[in-house]
Amino acid sequence: MTDMDMTGIGADDRVLSENTVPPSSATHAMPEVQVVTEEDMELEGDFDDVYCDWCDGNGTSGSDSENDDDLTSLSDNIANWAVSFGISIVALTALLSILHATHPDLPKDGRTLLKTKTHYAIQEKAGGNYHHFGILSSLKTTISKYAKTLAEGMTLGLQINIDGLPLFKSSTVQLWPILGLLVTVPMKEPVVIGAYCGPKKPSSATEFLSDFVNELQELEAGFCFGDKNLKIELHTVVCDAPARAFVKKTKAHNAYHGCDKCLHPGQYQNRRMTFPGPEHPQRTDISFNLMVDELHHHEGPHPFKNVKVGMISQFPLDYMHQVCLGVVRKLLLTWLRGPLTVRLPALIVDRMSGKLQAMRPYVPIEFARRPRSLRELDRWKATEFRQFLLYTGPVMLAGFLDRNMYYNFMLLSTAISMLVSPEHLNLADYAGQMLKSFVNHFGELYGTDQIVYNVHCLVHLADEVKRHGCLDSFSAFPYENHLGKIKKLIRKPEFPLAQLIRRLSEVTATKLVDDADITLKREHFVGPIVVGMGVNAQYGEMRCERWTVKLTTGDNMFLVGDKVSALRQKCVALPYRDGFVAIPLLH
């Protein structure tokens, strides 16, 4: 396998990247390096006249079509259609060449229409390739949106997620993006701050995170944004257990001294590392920095040594991986395939699956997925395990499980229900006691050799909630959802990192900005309509920055002219463009 096959970048590009000094300041511009990919060569081979008279030297349109409203609308619609449906540049350029006969002012090249970024810096580091998008650059749009509401000298909290995902089934190539969210202001989706791509995970966490840490240091000291001085500090680092151990340079979760919240040494039982027994002293930020438990650390300083971050307090446990994909999945697998003393008969499993599937018509559309058979357990997603734990499981299991096993499950379900709700944070201590009872009872039912890392860490979950808020405020759900979208941007195995940079630049360039925070979708004309209300349009879905309302058949959403008429009809009126949206409370 050649160097180009392994890294996704040619030898000439590698020389350019090595001569490029990574930016250490948010105020310094990144040196631009043009990387010629197979996408460029394919387009240049198929279309001789790529830029023609419509492009200037920078690859942007040079026509006066900006004054033509119809053409602007057509260009924007085509661009957003191409980005939304993942249309390749070759296919888009072919479409533009057809439309050019009737719309001569349209560009001929898809890259011109999508404003594809063609100059960027790719560095060789940590055994692969890395591109730093930048913290401030990635968050600029969000900060601009709320700039008027931010106070002078305000500190913005940044939550990041670091995780790896395989790109292809037939290759070992992995992508390790650094995703970020501001917790101080509402953000609907994470942004990509940096991305590493290589044949395996980064060889050095310190080298991998060096650009991020250097920029974060400068943002902690303060920066000027418009007419205000602001700061950005690291709020939390959300990772699964393997990634958390990697970036902290500590022992893995399946090793002795692997618990990153307490000093439990661990016991090796039945070919697995377990953490049974009484409580042990808690780790603290100070004890971590002093390396009091030397057996917990690997050699060398951790990557975050020079920034303000608590290596224990600001690295919370993620309940998506620990509880949903960890404990709940383990319970279900134990009931289906565990020891004969706790395994359920096949007939009972089929009846349980039937009851789950019978719930499908009654599950609201707010849930990401509808219940599936237990026979498809290996294909369940994290949202399905969460739904089973909090909603369908307590109802379905009551008639099938042994009483002690059911009560044990309900301890977990009730405690997590409390911790996941922002309104029940005052019950965090009570939920913590329930989780400790669950772990002890779990060991009695299924054996102490089943108290593995995920089960043991339940006793620390309530402390995380008291420190950072409800479980959803530091879960990996939004990041995992975004990772799926990122993976779809990479269409072929050649130059995956270059593809990601270009596709993200297209998404940013073509993203529509609404006049209001509320967006209406699914327009229809079937009612029902409140009598006496001047309705301009009807919709079935409303989205804003932090939530989405979806209405089923028989419900409706109205666009009305003024707030008074909406309130008289017992509706909730929300501002939208020049009027208001009325959501009827009574039908």
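None of these values were measured; they are calculated from a predicted model.

Visitor: So what's going on with the nonpolar core? Residues and values would help.
Guide: Core analysis: the largest hydrophobic core is formed by 133 residues, its most contacted members being I143, F208, F212, I232, F304, W335 and L412. Sorting elements by how many residues they give to this core places helix α12 (residues 319-337) first, with ten residues. Aside from chain neighbours lying at most four places away, what touches W335 is V342, R343, L344, L397, L401, M405, F409 and Y446. Residues I78, A79, L92 and L114 belong to the second largest nonpolar core, which totals nine residues.

Visitor: Outline the packing of aromatic side chains, listing residues and values.
Guide: Counted under the stated rule, the structure contains 14 aromatic pairs. Between F388 and F409, the aromatic rings sit 5.8 Å apart at their centres with planes inclined by 65 degrees, giving edge-to-face as the arrangement. Pair noted here: F388 is in helix α14 (residues 382-396) and F409 is in helix α15 (residues 403-420), with a separation of 21 residues, a long-range link. By the ring-pair criterion, three or more aromatic residues cluster together here, those being W335, W380, F385, F388 and F409. Just above the ring of Y130 sits the side chain of K125; from NZ or CZ to the centre is 4.7 Å. Against the face of F477 rests R386, its NZ or CZ located 4.2 Å from the ring centre.

Visitor: I'd like a description of helix α20 (residues 496-510), backed by residues and values.
Guide: Relative to the 21 Å expected for 15 residues at 1.5 Å per residue, α20 spans 21 Å between its end C-alpha atoms, a close match to the ideal helical length. Restricting attention to buried positions, one finds in α20 the residues P496, L497, A498, Q499, L500, I501, R502, R503, L504, S505, E506 and T510.

Visitor: Talk me through a nonpolar patch on the surface; I want residue IDs and the actual numbers.
Guide: On the surface, I286, L290 and V292 cluster together to form a nonpolar patch covering roughly 350 Å² of accessible area. Tracing the sequence through the fold places I286 in helix α11 (residues 285-289).

Visitor: Any chance you could break down the pairing of strand β6 (residues 191-198) for me, citing the residues and the numbers?
Guide: Most of β6 sits out of view: eight of its eight residues are buried. Summarising the sheet, strand β5 (residues 174-182) and β6 pair through seven bridges and their orientation is antiparallel. Residue pairing across strands places I178 opposite G194, the latter belonging to β6.

Visitor: Describe the side chain of K248, with residues and values.
Guide: Here K248 shows up in helix α10 (residues 241-248). Buried and unpaired, K248 has D260 as its nearest opposite-charge partner, separated by 4.3 Å. In this structure, K248 is in contact with D260, F288, H302, M311, I312 and F315, ignoring residues within four places of it in sequence.

Visitor: Quick rundown of helix α7 (residues 135-145)? Include the residues and the values.
Guide: Buried within α7 are the following residues: I135, L136, S138, L139, T142 and I143. On an axial view of α7, the arc spanned by its buried residues comes to 150 degrees, and they lie on one face. Opposite its buried face, α7 presents the exposed residues S137, K140 and T141, each directed more than 90 degrees away.

Visitor: Hey, could you go over unusual backbone geometry for me, with residue numbers and the actual values?
Guide: With a phi angle near 60 degrees, K249 is a residue other than glycine that sits in the positive phi range. For K249, the location among the structural elements is in the loop between α10 and β9 (267-269).

Visitor: If you had to explain the pairing of strand β8 (residues 228-238) to someone new, which residues and values would you point to?
Guide: The pairing of strand β3 (residues 155-162) with β8 spans seven bridges and is parallel. For N161, the partnering residue across the bridge sits in β8 and is V238. For strand β7 (residues 223-225) and β8, the ladder comprises three bridges, and the chain directions are antiparallel. Within β8, the position partnered with C224 by the bridge is N229. Counting the residues in the hairpin turn of β7 and β8 gives two residues, including G226, whose phi is positive at 70 degrees.

Visitor: Lay out the side chain of T250 with the relevant residues and their values.
Guide: Tracing the backbone shows T250 in the loop between α10 and β9. Not counting residues up to four positions away in its chain, the partners in contact with T250 are A245, F288, H296, H297 and H298.

Visitor: Tell me about the environment of G310, and name the residues and values.
Guide: On the secondary structure map, G310 appears in the loop between α11 and α12. For G310, a relative accessible area of 6% corresponds to the buried category. Residues G310 and I286, 24 residues apart in the sequence, show an inter-C-alpha distance of 8.4 Å. Those residues in contact with G310, other than ones at most four positions away along the chain, are D285 and F315.

Visitor: I'd like a rundown of the pattern of salt bridges, residues and numbers included.
Guide: Once their charged atoms are close, side chains differing in charge can pair, the charge on each being opposite to the other. Summed over all chains, the structure comprises 17 salt bridges. Notably, a salt bridge pairs R372 with E376, separated by 3.5 Å at the nearest N-O pair. Looking at E376, the relative accessible area reads 28%, which means it is partly exposed. The residue K466 makes a salt bridge to D463 at a minimum N-O spacing of 3.6 Å.

What counts and what doesn't
- Residues numbered from 1 in each chain as written.
- Predicted model: local features only at pLDDT ≥ 70, side-chain atom pairs only at ≥ 80, totals over all residues.
- Heavy atoms only, no water.
- Core = buried A, V, L, I, M, F, W, Y, C linked by side-chain atoms within 4.5 Å.
- Buried < 20%, exposed > 50% of the residue type's maximum accessible area, 1.4 Å probe, protein only.
- Helix = DSSP H or I, 4+ residues; strand = E, 2+ residues; numbered from the N terminus.
- Contact = heavy atoms within 4.5 Å.
- Phe/Tyr/Trp six-rings, centres within 6.5 Å; stacked < 30°, edge-to-face > 60°.
- Lys NZ or Arg CZ within 6 Å of the ring centre and 35° of its normal.
- Expected span 1.5 Å × (residues − 1).
- Patch = residues over 30% accessible without salt bridge, like charges linked within 9 Å, V, L, I, M, F, W, Y side chains within 5 Å.
- Areas by Shrake-Rupley, 256 points an atom, 1.4 Å probe, with all protein chains shown as cover.
- Salt bridge = Lys/Arg side-chain N within 4 Å of Asp/Glu carboxyl O.
- Pairing = 2+ DSSP bridges.
- Lys, Arg positive; Asp, Glu negative; His and termini not counted.
- Arc of directions from axis to C-beta.

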